[in-house]
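Next come the chains, spelled out residue by residue.
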Amino acid sequence: MKSKKNLFVRIMLSVLGVAATAFIAVICFYMIWEKAPDIESAAPSTKPAELDKENEEPDSGMPFDTNRQDGVYTILLVGNDNGNGNTDTMVVGKIDTNLHKMDFISVPRDTLINVDWSVRKLNSVYWGSKNSGGSGIDALSSHIKKIIGFDVDCYAVIDLNVFIDVIDALGGVDFDVPVPMYYEDIGQNLYINLAPGMQHLDGYQAMGLCRFRAGYANGDYGRIEMQQKFLKACAEQFIKLGNIPNISKVVKILSDGMDTNLTGANIGFFLRQALKCAPEDINFHMVPSNGDYVGGLSYSVIDIWQWLPMLNEYLNPYDTPIEYSNLDIVYREGGGFTATTELRGAWYYAAKPAPKPEYEQEPVIPQETEGPTIIVVPNSPTPSPDTSPEPQEPDPETPGTIVPPEPDESTAPDVPDIPAAPEENTAPEQTQPGTEADNIFA
């Protein structure tokens, strides 16, 4: 009897030993298989590259020479809806494999970019380039560089179906839905039906959560905040679990379904790096910006002076700080618009007033300044048809200035003296852009 018991113990130990050996072998194979992405060690360059027709422009801003931080990678994540809209989710991340920290900064979809097109929103670049025969991602990466001052190492364009499949492969995510989310769009085949409270979300429900924005007072900014809370919940859930369920399946879904310069081994490397982080060391931020109206459209205008310190703290992979001169950004100053480089298409910033002003405002006044071009846009109401002046035209001899039309003395009303434009920004607070429900990814 004793010999039978000893035999059983030896068999069990042998089975456990084989299982442990197999497990260790799998882990070793996975660690050997995964691979960090290859990155350029040189500092950013401003040498113009071949352009994607009208939707890409040469790099602007001053280059800087510096050393690259060891073990640090940058990545651009883009949400896409297969051409059914725009890229409404754009996130730039910095992954520090030495400090085991990850920071991701969302760029608002309506971010005003320094171009001379009729629609100057960042989310229009990708599909504008694709529809013009360009690559899409090269055009978008070029404009992201103007905002952050350097080229990202990696990129990944993720569509809705890949997002849904990944969440389902992970087994879903526990999340506390803060408000009722109900929305239906038959044209997009979109049906959001989420009651508030803690619940287990599958892929389609998670997609609806991240796309919903109809109930947020701050529009698209509220949706970005919800996306970030969801991604933070995902990170915390799997870090506490100590592993990523079905990791090989997740890697395959991502590598097969994304437009990316990452290999499956690179994706596996970043997933394992995420598990090495503490939950509090994976953080999400947003480019500081303010809602504004330009040319009759709503935009997010970057606050350059808040953005520079955030950029250097959370994204810069180099030892030398990124400076004002390294960027190509349009921003507000002194009640008007200017840019860190040449203000392109300056006529656009006085083309149309904000819609439905609630009170009377001053007319557009050309403002002469020293230094960068500033176009004053006080959002004056549209004049009535019988007193409307002819459209203002740019002065061909002095680019960036606005020449007011000659007054018609027969119809022009008496206008009192107008005080000088204030030095500080006195434009009224505008409604945040993007308040209707729309795609998270397109």
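Residues numbered from 1 in each chain as written. Predicted model: local features only at pLDDT ≥ 70, side-chain atom pairs only at ≥ 80, totals over all residues. Heavy atoms only, no water.

This part covers the pairing of strand S4 (residues 154–159). Successive side chains on a regular strand alternate, one facing one side of the sheet and the next facing the other. Of all six residues in S4, six are buried; the element is thus mostly enclosed. Covered by surrounding structure in S4 are Cys 154, Ala 156 and Ile 158 together with Tyr 155, Val 157 and Asp 159, the residues of both alternating faces. In this structure, strand S1 (residues 72–80) lies alongside S4, joined through six bridges in parallel fashion. Looking at S4, one finds that Val 78 is bridged to Val 157. Bridge analysis of S4 against strand S9 (residues 259–260) gives two bridges, and the strand direction is antiparallel. Counted as the bridge partner of Val 157 is Asp 259 from S9. (Buried < 20%, exposed > 50% of the residue type's maximum accessible area, 1.4 Å probe, protein only. Helix = DSSP H or I, 4+ residues; strand = E, 2+ residues; numbered from the N terminus. Pairing = 2+ DSSP bridges.)

Counted according to the given criterion, the structure contains four cavities of 30 Å³ or more. Taken as a whole, the largest cavity spans an internal volume of roughly 1100 Å³. As for the largest cavity, its lining consists of 39 residues, and the residues nearest its centre are Leu 77, Ile 158, Leu 231, Leu 254 and Leu 271. Of the residues contributing to the lining of the largest cavity, the split by class is 34 nonpolar, five polar and no charged. (1 Å grid on protein atoms, 1.4 Å probe; cavity = no way out; pocket = protein on both sides within 12 Å on 5 of 7 lines; lining within 4 Å. Points joined across faces, edges and corners; volume = space filled by probe spheres on them. Nonpolar A, V, L, I, M, F, W, Y, C, P; charged D, E, K, R; others polar.)

The strand order S9-S4-S1-S2-S3-S10 describes an open sheet built from six strands, whose pairing is mixed. Either end of the sheet is taken by a strand with one partner, and the two such strands are S9 and strand S10 (282–286). Across eight bridges, S1 lies against strand S2 (residues 89–96) in antiparallel orientation. Residue Ile 75 lies in a different strand from S2, and its bridge partner there is Gly 93. Sitting on the sheet, helix H4 (residues 160–169) touches S1 and S4, and the angle it makes with S4 is about 90 degrees. Of the strands in this sheet, S2, strand S3 (101–106) and S10 are in contact with helix H9 (residues 304–314), which crosses S3 at around 150 degrees. (Contact = heavy atoms within 4.5 Å. Axes fitted to C-alpha atoms, helices over the stretch in contact; angles between N-to-C directions.)

This part takes up the nonpolar core. Soluble, globular proteins show a tendency: their nonpolar side chains are buried together. Phe 175, Met 181, Leu 209, Phe 230 and Ile 282 are the most contacted members of the largest nonpolar core, which totals 53 residues. Non-local contacts of Phe 175, meaning those with residues more than four positions away in its chain, are made with Gly 197, Met 198, Gln 199, Leu 201, Leu 209, Met 226, Lys 229, Phe 230 and Ala 233. In terms of nonpolar packing, the next biggest core, distinct from the first, is built from 36 residues, Ile 137, Ile 147, Leu 308 and Ile 322 among them. (Core = buried A, V, L, I, M, F, W, Y, C linked by side-chain atoms within 4.5 Å.)

On inspection of all chains with the given rule, the structure shows 11 salt bridges. Across the pair Arg 109 and Asp 88 runs a salt bridge whose closest N-O atoms are separated by 2.8 Å. Of this pair, Arg 109 sits in the loop between S3 and helix H2 (125–131) while Asp 88 sits in the loop between S1 and S2, placing them 21 residues apart in sequence. A network of salt bridges, in which partner residues are shared, links Asp 88, Arg 109, Asp 110, Lys 121, Arg 213, Asp 220 and Arg 223. (Salt bridge = Lys/Arg side-chain N within 4 Å of Asp/Glu carboxyl O.)

For the rest of this paragraph, the subject is the packing of aromatic side chains. Scanning all chains against the criterion turns up 16 aromatic pairs. Here Tyr 73 and Phe 270 contribute two aromatic rings whose centre-to-centre distance is 5.8 Å and whose plane-to-plane angle is 80 degrees, an arrangement assigned as edge-to-face. Here Tyr 73, found in strand S1, pairs with Phe 270, found in helix H8 (residues 264–275); they are 197 residues apart in sequence, far enough to count as distant. For the pair Tyr 73 and Phe 270, one class covers both residues: buried. Arranged with centres 5.6 Å apart and planes meeting at 80 degrees, the rings of Tyr 126 and Trp 127 form a pair that is edge-to-face. Ring pairs connect the aromatic residues Tyr 299, Phe 337, Trp 347, Tyr 348 and Tyr 349, which therefore count as one cluster. Its guanidinium or amino end placed over the ring of Trp 347, Arg 120 lies 5.5 Å from that ring's centre, counting from NZ or CZ. A cation over a ring is seen here: Lys 130 above Trp 127, with NZ or CZ 5.8 Å from the ring centre. (Phe/Tyr/Trp six-rings, centres within 6.5 Å; stacked < 30°, edge-to-face > 60°. Lys NZ or Arg CZ within 6 Å of the ring centre and 35° of its normal.)

Right, let's talk about a nonpolar patch on the surface for a bit. Together, Ile 186, Tyr 191 and Tyr 204 make up an exposed nonpolar region whose accessible area comes to about 310 Å². Looking at where Ile 186 falls in the secondary structure, it is placed in the loop between strand S6 (181–185) and strand S7 (190–194). Of the residues examined, Ile 186 reaches a relative accessible area of 62% and is grouped as exposed. (Patch = residues over 30% accessible without salt bridge, like charges linked within 9 Å, V, L, I, M, F, W, Y side chains within 5 Å. Areas by Shrake-Rupley, 256 points an atom, 1.4 Å probe, with all protein chains shown as cover.)

Before going further, it helps to spend a moment on the side chain of Asp 88. On the basis of relative accessible area, Asp 88 is assigned to the buried category, the value being 4%. A polar contact of 2.8 Å, which involves the side chain of Asp 88, links it to the side chain of Asn 123. (Polar contact = N/O pair within 3.5 Å; in protein donor to acceptor, adjacent residues only side chain to side chain.)

Here the focus is the packing of helix H5 (residues 203–211) against helix H6 (residues 220–241). The contact between H5 and H6 brings their axes to 8 Å, and the two run at 145 degrees. Packed against H5, whose contacting residues are Ala 206, Leu 209, Cys 210 and Arg 211, the element H6 presents Arg 223, Met 226, Gln 227 and Phe 230 at the interface. Each residue belonging to the contact of H5 with H6 can be placed in one class, and the counts come to five nonpolar, one polar and two charged.

Take the packing of H4 against H5 next. For any two helices packed against each other, the geometry is given by the interaxial angle and the distance between the axes. With their axes 7 Å apart at the nearest point, H4 and H5 run at an angle of 125 degrees to one another. In terms of their interaxial angle, H4 and H5 are classed as oblique. Considering the relative orientation of H4 and H5, their crossing is right-handed. Note on element contacts: H5 touches H4 through Gly 203, Tyr 204, Ala 206, Met 207, Cys 210 and Arg 211, opposite Leu 160, Phe 163, Ile 164, Ile 167 and Asp 168. Class assignment for the residues of the contact of H4 with H5 results in eight nonpolar, one polar and two charged. (Parallel < 35°, antiparallel > 145°, perpendicular 65-115°, else oblique. Left-handed = near helix turned anticlockwise from the far one by under 90°.)

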